[in-house]
There are 2 protein chains.
Amino acid sequence: MSLFSRKKSISVQTIRRLPQYLRVLYDWHGYGRELASSTELAEETQVPAIVIKKDLQAVGAPSKMRAGFKIRGTITAIENFLGWDNLNKAFLVGTGHLGAALLGFSGFKNHGLEIVAAFDTHPERVGHEIHGVQVYHTAQLKSVIEEKKLKIAVLTVPGAAAQGITDTLVACGIKAIWNFAPVKLAVPKGVAVQQEDIASGLAELCARLKAR
Amino acid sequence: MSLFSRKKSISVQTIRRLPQYLRVLYDWHGYGRELASSTELAEETQVPAIVIKKDLQAVGAPSKMRAGFKIRGTITAIENFLGWDNLNKAFLVGTGHLGAALLGFSGFKNHGLEIVAAFDTHPERVGHEIHGVQVYHTAQLKSVIEEKKLKIAVLTVPGAAAQGITDTLVACGIKAIWNFAPVKLAVPKGVAVQQEDIASGLAELCARLKAR
């Protein structure tokens, strides 16, 4: 199944592996390395070399030479494919434990995401900063989104509040929602929702534990 | 590909969908409902009804009757498959932003996981409680693991510290590690590592945004 009917077909699995490659490639690039092989990249990730080759081809990485592939060119190809060569301005709704943790992550900027505003309804948080990000009242969503030209919403509200906030976001013209609330969001066609489900990873681990 | 060569083969994808089903089934069960159809479950999740049918069969849920499947029996079958009918005692290493957020989640007990201890090296955290969980010094890992009979490690340390801690955990006999640090861990055969990679979800969302 592919998300990209209008573009060339790239699987979700490929897309989800790209950040793993990037992480290793950034490291190597930082050490001054210029060339690497998919076998070396396979050793540093949990991905077979043959899959890596196909993935890199799919995102248009410069084709492999006998000596390996060019690290810098491959980084550029992946960043470009994901749109991580430009920063997407994002905001976060819900500054509870998880929301605050995400605001504290410094790594998002390497991944094309800059969280420039946060929203909440709690009087003790509104008007303050969390990890340097200003917290606005949720009632200000529309005006702040427009003023700051925000594109991506990170949703870390309780499940019961998620759909209501989503309806507001859609009304404000937001087209991409990264949803950490444990509910399925109803959105109109044309709005992308990426569901993060922490329980899925836990299920996988528990099933492995039981299977041994 | 299946994780379970020794048992009947269940795909990772099936396992990762099970918590979604459980969430809806818990809700329905809470409202006093007894029967449901896979079509109804499909409406509440993002999963096609035919896939749901196969998944429920695979984990040994009571077979479907004309009126639908039994909600209580299906919950029991999934919980039993995942081992979520018994609480696994877990501990968390690294009480930074993300670690503290995970300690604050109340939902893990519904997922067979009880975090009963935390570890860190920061003097201002060791000896205190975070969300009711006692923080010990990392030097006490071995004794606390043995004393409390802990089974599952949740790893929320910085990337640079992750492998060192992992080596200690393996030496303490830990067989299951839920890894939130952005590095690949080297572990001996027989130790299950579940890698959570928050950047993968972000990559998916960004690729969708770019594809439109």
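About the cut-offs
Residues numbered from 1 in each chain as written. Chains lettered and ligands numbered in written order. Predicted model: local features only at pLDDT ≥ 70, side-chain atom pairs only at ≥ 80, totals over all residues. Heavy atoms only, no water. Pairing = 2+ DSSP bridges. Helix = DSSP H or I, 4+ residues; strand = E, 2+ residues; numbered from the N terminus. Contact = heavy atoms within 4.5 Å. Axes fitted to C-alpha atoms, helices over the stretch in contact; angles between N-to-C directions. Least-squares fit on C-alpha atoms with pLDDT ≥ 70 in both. Buried area = accessible area lost by both parts, 1.4 Å probe. Salt bridge = Lys/Arg side-chain N within 4 Å of Asp/Glu carboxyl O. Polar contact = N/O pair within 3.5 Å; in protein donor to acceptor, adjacent residues only side chain to side chain. Parallel < 35°, antiparallel > 145°, perpendicular 65-115°, else oblique. Nonpolar A, V, L, I, M, F, W, Y, C, P; charged D, E, K, R; others polar.

J.: Could you clarify how one ought to interpret the sheet that holds strand 9 (residues 192–195) of chain B in this entry?
T.: Hydrogen bonds along the backbone pair up the strands of a sheet, which may run parallel or antiparallel. Residue and element names in this part refer to chain B. Strands sit in the order 5-6-4-3-7-8-9 across an open sheet of seven strands; the sheet is mixed. With one partner strand each, in any of the chains shown, strand 5 (129–130) and strand 9 form the two edges of the open sheet. Across six bridges, strand 3 (residues 88–93) lies against strand 4 (residues 113–120) in parallel orientation. Looking at strand 4, one finds that Val93 is bridged to Phe119. Its contacts with the sheet place helix 5 (residues 97–104) against strand 3, strand 4, strand 5, strand 6 (133–137) and strand 7 (152–155), and it is angled at close to 155° to strand 3. Contacting strand 3, strand 4 and strand 6, helix 6 (residues 141–148) crosses the sheet at an angle of about 160° to strand 4.

J.: Can you walk me through the relation of the copies chain B and chain A in this structure?
T.: Between the two chain copies there is a screw-like relation: a rotation about an axis and a shift along it. It takes a turn of 180° to lay chain B on chain A, together with a shift of 0.0 Å along the axis; the resulting RMSD is 0.0 Å. Here the symmetry operator amounts to a two-fold rotation axis. Taking the C-alpha atom as reference, chain B places B:Ala101 closest to the rotation axis, 3.2 Å from it. A high fraction, 100%, of the interface residues of chain B reappear at the interface in chain A, so the copies pair face to face through one surface.

J.: Would you mind showing me how to read the interface of chain B and chain A here?
T.: When the parts come together, some accessible area is lost, and that loss is often what is quoted as the size of the interface. Taken together, the contacts link 60 residues of chain B with 60 residues of chain A. A buried area of about 5700 Å², summed over both sides, lies between chain B and chain A, and 66% of it is on carbon and sulfur atoms. Applying the counting criterion to the chain B and chain A interface returns two salt bridges. With its nearest N and O atoms 2.7 Å apart, the salt bridge here joins A:Arg16 to B:Glu204. Applying the counting criterion to the chain B and chain A interface returns 13 residue pairs in polar contact (both at pLDDT 80 or more).

J.: Teacher, can you tell me more about the packing of helix 5 (residues 97–104) of chain A against helix 5 of chain B here?
T.: Angle between the axes and distance between the axes are the two parameters that describe a pair of packed helices. In contact at an axis separation of 8 Å, helix 5 of chain A and helix 5 of chain B are set at 170° when each is read in the N-to-C sense. With respect to helix 5 of chain B, the axis of helix 5 of chain A lies roughly antiparallel. Between helix 5 of chain A, through A:His97, A:Leu98, A:Ala101 and A:Gly104, and helix 5 of chain B, the contact on the second element is made entirely by B:His97, B:Leu98, B:Ala101 and B:Gly104. Considering only residue class, the contact of helix 5 of chain A with helix 5 of chain B consists of four nonpolar, four polar and no charged.

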